[in-house]
Amino acid sequence: MGVLFAAAGDVHGAFRCLVDELDALSKRVGRTPDFVLQVGDLVACRDERDAASVSVLDPASPLPVGEFPDVLAGRILLPQPVWFAGGNHEPRR
């Protein structure tokens, strides 16, 4: 049995949705992925200041903070290690 990984993209701060999708995948394939490769636009904003630093088309409409603070506080537990490549909607500070 080789390495099993999941790929996700454009989470945009919706970590509960990511966890739900990973749980559904684990049930479908009968095992938990060894890790997750998240490609682009994870949007890991810690707070409003991070959200304001994200590059957006309309600077008057910054992205919402999203659920990353819940991940940091342990209220959302990621079931696997998540490795990510940043996208164009990542905090710049």
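This text goes with the structure placed above it.
Residues numbered from 1 in each chain as written. Predicted model: local features only at pLDDT ≥ 70, side-chain atom pairs only at ≥ 80, totals over all residues. Heavy atoms only, no water.

Participant: Can you tell me about the sheet that holds strand E1 (residues 5-9), naming the residues and giving the values?
Facilitator: As summarised here, the arrangement of the three strands in space is E1-E2-E3, forming an open sheet in which the pairing is parallel. Taken across any chain shown, the strands that pair with only one partner, and hence form the sheet edges, are E1 and strand E3 (82-85). When strand polarity is set aside, the average angle formed by the axes of neighbouring strands in this sheet is 20 degrees. Strand direction decides the pairing type here: strand E2 (residues 35-39) and E3, joined by four bridges, are parallel. (Pairing = 2+ DSSP bridges. Helix = DSSP H or I, 4+ residues; strand = E, 2+ residues; numbered from the N terminus. Axes fitted to C-alpha atoms, helices over the stretch in contact; angles between N-to-C directions.)

Participant: Outline the layout of surface pockets, listing residues and values.
Facilitator: Looking at the largest pocket, its volume works out to about 160 Å³. Lining the largest pocket are 13 residues, and of these Ala 8, Cys 17, Leu 18, Glu 21 and Leu 22 lie nearest its centre. Mapped by element, the contributors of at least two residues to the lining of the largest pocket are E1 and helix H1 (15-29). For the lining of the largest pocket, the leading source of residues is H1, giving six residues. The residue makeup of the lining of the largest pocket, split by class, is nine nonpolar, one polar and three charged. (1 Å grid on protein atoms, 1.4 Å probe; cavity = no way out; pocket = protein on both sides within 12 Å on 5 of 7 lines; lining within 4 Å. Points joined across faces, edges and corners; volume = space filled by probe spheres on them. Nonpolar A, V, L, I, M, F, W, Y, C, P; charged D, E, K, R; others polar.)

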